[in-house]
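Listed below, chain by chain, are the residues.
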Amino acid sequence: MTSSNTDGNEKEKSTAICDSNSSKPNLKGDWLNFFLLLLLYTMQGFPLGLTSAIPIILQSQNDISYQDQALFSLAGWPFSLKLLWAPLVDALYIQRIGRRKSWLIPVQYLMGTCFLYMANDIDDLLPNTGTPNIPVLMCMFFISNFLAATQDIVVDSWALTMLKKNNVGHASTCNTTGQAIGVMLGSVFPILFASEDFCNKYLRVTPMTGGLMTMKSVLYVWGLIFICVTTLIAIFKKEKDCRLELDHVKLNVVQNYTLLGDILKLPSIRILAIALLTARVGFSVTDTVTYLELVDAGVSKDDITVINTAMFVVKILIPLVTAKYTSGPKPMSIYLKSTAIKLIWSLAFILLVYFTPMLINDDGVINNPMYYYAILILILFVDEILSYIMFVAVLAFFSRISDPRFGGTYITFLNTVTNLGATWTSTVALGVIDLLTFKKCSFDSYNSCSTLDDQNECETIGGDCVTTVDGFYLGTLLSVTFGFAWYGFFKNIIKKLQTKGSSHWMVNIKRPTTENIQI
C-alpha cells in the first residue's frame, strides 16, 4: 500500500476516534476491563495504606521520637518523585509482551516478593516490645512504594487504551475507588484487627490473647495475592496493539524526557498547570488546620480518627455514584460547581471551630454530647463528598485529554502538578497561621507574646498569653476570598479548555516521512 493510501487510512482512523469520543459512555463489553482496573488500583492502594499505618504503630511505642517518625516518612517520597522515571516506563518495553504488561508483570511480581520478604522479618524489625529498626523499615517501605508508584504510572497509562475511547472517563472512578479500598485495607484493618483490645471488645465473645491477625500474616496474604493476580493477568489478559490506531510514535529514553518540555509547550497545558497549582489555595486553611484547631479545642484524637475511618466509605462510594456525571464529556463543569460549593462550605468550619469549645465544655470538663458529633460528622461528610467529587472529576479530565501515545509521562505530569498544588498550599497555610495569630499578655498589654522570651516574661509576672486574633479565622477568610477570585478568573477558561478536541492536547513530535512506508 502506498503512502497516499496510508494517509487516507489514517484520516479514517482519526475520524473514527473523534466519533468515538463524541459517543456517550457505555460499559457494555467493557465491564471486565473496568473491574480489572479497579483491582489493580486496589492493589496499588495497599502499600500506601500500610505505609500510613506504620507511624501509628510506631507512635504507640514510648521509645520512638519525632526524628524517627521523620526518618520513616521518607518512605512516602516515591509517589512525589515518580515523574523522574515515568519517561522510562513509556520508552522501554517489549512489544511482544505488550507496552504496559512489560512493566506491570515484573513490577507486581517484585511487589509480591517484597511483601513476602518483609513478612519474614517484620517481627524483628517491628517488635511488639523493644526498639524497632527504623532505617531498615524505611528502606523496605521506600522500595515497596517505589514499586507501587511505578505500577501507578503503568496502570494510569494502560487505562487510556484498555477501556474504549468513550469509556476512558471511567478510569478515574477505578482509580479513586480502588485506591481508597486498598488504602483502607492496608491501614485500618491491620491496625484494628491486630489489636487485642479492639478484637476482644467488638469481635469476640470470649476474650483471647492477640488480635485476629498479625502484621506478618497480612504481608504474607498480600504477597500471595500480588503473585497470583499477576500470574493470571500475564496468562489471560491480552494487551491491544495500538501502534497504528493511535498514530503511534516510539521514542527513545532521551526523547521521552524531552517530551516533558514538549508537553509544557502546549499553551493549554501551561494555563491548566497554573490553574491546578493555585486551585487548592481557597481550601488550604480549612483542609490543613481544622483538625488541629479541633484537637486544641478539646476534641479527642481518637474520635477524629474513628470519623476519618468512616470517611473511607465516602471515598469508595462517591466515585461510583458520580461516575455517570464525571465520565461524561464535561467533567470539569462538575469540578467547578463543586469548587464553588466547597468554598461556601468552608465558612461552616469557621462556625464549627468557634462554637466547639462552648459545645463540649461543661463547667471546665470536656464532655462531647451526641448532637455535637452529629454536627461534626455532617460538616466533615459534606466536605469529603465535595473534595472527592472534585478529585474524581479532575482525574476523568486528565484521562480524556492525555495523549495515549505517551500516556505514562503525560498523565503522570498532570497528576504531579495537581499533587504539588495541594502540597505547597498546605505547607504555606501551616506557616501563615502563626503569622496571622496575635496575642498579648494578660498582665502586660505591651507584651505581644510573639517570642519565647516574651512568653516566659509573661509567665514570670503570673500572666497568660491570651489570643486576641486567631489566625485560623483570618487565614480562612483570606484563603476563601482568594478561592472566589480564582473561581471567577478560571471558570470560563476551564470550561473552554474542556471543549477542546483530543487533537488539541496532542504533543507535536517529528515523525518520519511516509514516502518509504509500506503496509
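Definitions and limits used
- Residues numbered from 1 in each chain as written.
- Predicted model: local features only at pLDDT ≥ 70, side-chain atom pairs only at ≥ 80, totals over all residues.
- Heavy atoms only, no water.
- Helix = DSSP H or I, 4+ residues; strand = E, 2+ residues; numbered from the N terminus.
- Buried < 20%, exposed > 50% of the residue type's maximum accessible area, 1.4 Å probe, protein only.
- Contact = heavy atoms within 4.5 Å.
- Areas by Shrake-Rupley, 256 points an atom, 1.4 Å probe, with all protein chains shown as cover.
- Arc of directions from axis to C-beta.
- Core = buried A, V, L, I, M, F, W, Y, C linked by side-chain atoms within 4.5 Å.
- Patch = residues over 30% accessible without salt bridge, like charges linked within 9 Å, V, L, I, M, F, W, Y side chains within 5 Å.
- Salt bridge = Lys/Arg side-chain N within 4 Å of Asp/Glu carboxyl O.
- Phe/Tyr/Trp six-rings, centres within 6.5 Å; stacked < 30°, edge-to-face > 60°.
- Disulfide = S-S within 2.5 Å.
- Axes fitted to C-alpha atoms, helices over the stretch in contact; angles between N-to-C directions.
- Parallel < 35°, antiparallel > 145°, perpendicular 65-115°, else oblique.
- Left-handed = near helix turned anticlockwise from the far one by under 90°.
- Nonpolar A, V, L, I, M, F, W, Y, C, P; charged D, E, K, R; others polar.
- Expected span 1.5 Å × (residues − 1).
- Bend = angle between axes of the 7 residues up to and from the residue.
- Polar contact = N/O pair within 3.5 Å; in protein donor to acceptor, adjacent residues only side chain to side chain.
- pLDDT = per-residue confidence, 0-100.

Draft legend 1. Main features of the overall build of the protein. Along the backbone of the protein there are 19 helices and four strands. Counting only residues that meet the buried cut, the protein has 47% of its 519 residues in that class. Across the protein, the fraction of contacts at a sequence separation of at least 24, relative to all contacts at a separation of at least 6, is 82%. For the protein, the exposed surface amounts to about 25600 Å²; the carbon and sulfur share of it is 64%.

Draft legend 2. Representation of helix 11 (residues 253-264). Along helix 11, the residues that are buried comprise Asn256, Leu259, Leu260, Asp262 and Ile263. Across the axial projection of helix 11, the buried residues extend over an arc of 165°, all falling on one side.

Draft legend 3. Quick peek at the nonpolar core. Of all hydrophobic cores here, the largest spans 52 residues; its most connected members are Phe72, Phe115, Phe141 and Leu219. Those elements giving two or more residues to this core turn out to be helix 2 (31-59), helix 5 (86-91), helix 6 (101-125), helix 7 (134-162), helix 8 (171-193) and helix 10 (215-236). When residues in this core are grouped by element, the largest group, 14 residues, is from helix 7. Those residues within four positions of Leu219 in sequence are excluded, and the remaining contacts are Leu50, Phe115, Leu116, Met118, Ala119 and Ile122. Grouped together as the second largest cluster of nonpolar side chains are 36 residues, Leu260, Phe398, Trp486 and Val507 included.

Draft legend 4. Region of interest: a nonpolar patch on the surface. The grouping of Trp77, Leu81, Leu84, Phe142, Ile143 and Phe146 at the surface amounts to a nonpolar patch, some 570 Å² of accessible area in total. Examining the composition of the nonpolar patch, we find that three residues originate from one element, helix 7, more than from any other. Within the secondary structure, Trp77 is located in the loop between helix 3 (66-72) and helix 4 (78-81).

Draft legend 5. Spatial organisation of the packing of aromatic side chains. Per the stated rule, a full pass over the model turns up 17 aromatic pairs. Where Tyr354 meets Tyr473, the ring centres are 6.3 Å apart and the plane angle is 70°; that geometry is what we call edge-to-face. Remark: Tyr473 occurs in helix 19 (residues 471-497) and Tyr354 occurs in helix 15 (residues 331-360); sequence separation between them is 119 residues. Accessibility expressed as a relative area gives 44% for Tyr354, which makes it partly exposed. Of the residues examined, Tyr473 reaches a relative accessible area of 21% and is grouped as partly exposed.

Draft legend 6. Seen up close, the side chain of Thr177. When you line up the elements, Thr177 lands in helix 8. With a relative accessible area of 1%, Thr177 lands in the buried category. Ignoring any residue separated from it by four or fewer positions in sequence, one finds Thr177 in contact with Leu38, Lys315, Ile316, Pro319 and Leu320.

Draft legend 7. Fine view of the state of the cysteines. In total, this model carries one disulfide according to the counting rule given. There is a disulfide in this structure between Cys441 and Cys458, and the S-S distance comes to 2.2 Å. For the disulfide bridge between Cys441 and Cys458, the dihedral angle about the S-S bond is near 85°, and by the sign convention the bridge is right-handed. With a gap of 17 residues between them, Cys441 in strand 3 (residues 438-441) and Cys458 in helix 18 (residues 452-460) connect regions that are remote in the sequence.

Draft legend 8. Region of interest: the packing of helix 13 (residues 284-297) against helix 19. Across the interface, helix 13 lies against helix 19 with an axial gap of 9 Å and an inter-helix angle of 160°. One element, helix 13, and the other, helix 19, form an angle in the roughly antiparallel class. Here the hand of the crossing between helix 13 and helix 19 comes out left-handed. When helix 13 is examined against helix 19, the residues Ser284, Val285, Thr286, Val289, Thr290 and Glu293 are found in contact with a partner set consisting of Phe472, Gly475, Thr476 and Ser479. Class assignment for the residues of the contact of helix 13 with helix 19 results in three nonpolar, six polar and one charged.

Draft legend 9. Inspection of the pattern of salt bridges at higher detail. The full count for this structure, using the stated rule, is five salt bridges. Asp152 is paired through a salt bridge with Lys82; the nearest N and O atoms lie 2.1 Å apart. Remark: Lys82 occurs in the loop between helix 4 and helix 5 and Asp152 occurs in helix 7; sequence separation between them is 70 residues. Here the two residues Asp152 and Lys82 agree in accessibility, since each one is buried. One salt bridge connects Lys342 with Asp287, and the closest N-O pair in it is separated by 3.3 Å. With Lys342 in helix 15 and Asp287 in helix 13, this residue pair connects regions lying 55 residues apart in the sequence. One salt-bridge network, held together by shared partners, links Arg280, Asp287, Lys342 and Asp383.

Draft legend 10. Structural context of helix 15. Along its 30 residues, helix 15 runs 41 Å from first to last C-alpha, staying within 8% of the 44 Å computed at 1.5 Å per residue. Along helix 15, the largest kink reaches about 35° and is centred on Tyr354; proline Pro357 follows within four residues of it.

Draft legend 11. Spotlight on the packing of helix 13 against helix 15. Across the interface, helix 13 lies against helix 15 with an axial gap of 10 Å and an inter-helix angle of 10°. With respect to their mutual orientation, helix 13 and helix 15 come out roughly parallel. Residues Thr286, Asp287, Thr290, Glu293, Leu294 and Ala297 of helix 13 form the contact with helix 15, whose participating residues are Lys342, Ser346, Phe349, Leu352, Val353, Thr356, Pro357 and Ile360.

Draft legend 12. The environment of Val507, seen in detail. Summarising the element assignment, Val507 is placed in the segment after helix 19. Val507 sits 243 residues away from Leu264 along the chain, and the two C-alpha atoms are 9.3 Å apart.

Draft legend 13. A look at the environment of Leu125. Position of Leu125 among the secondary structure elements: in helix 6. Accessibility expressed as a relative area gives 9% for Leu125, which makes it buried. It is 6.7 Å that separates the C-alpha atoms of Leu125 and Leu137, two residues lying 12 residues apart in sequence. Sequence-distant contacts of Leu125, defined by excluding residues within four places in its chain, comprise Pro132, Asn133, Val136, Leu137 and Met140.

Draft legend 14. Focus on the environment of Asp470. By the element assignment, Asp470 lies in the loop between strand 4 (465-469) and helix 19. Each C-alpha atom of the pair Asp470 and Thr437 lies 4.9 Å from the other, and the pair is 33 residues apart in sequence. If we skip the residues at most four places from it in the chain, Asp470 touches Glu293, Leu436 and Thr437. A polar contact of 2.9 Å, which involves the side chain of Asp470, links it to the backbone nitrogen of Phe472.

Draft legend 15. Layout of the confidence of the model for the protein. When the pLDDT values of the protein are averaged, the result is 81; 88% of them are 70 or greater. Note that residues 1-22 has pLDDT below 50 and, in this model, 19 contacts with residues that lie over four places away or in other chains. Contacts from residues 511-519, a stretch scored under 50 in pLDDT, to residues over four places away or in other chains number 11 contacts.

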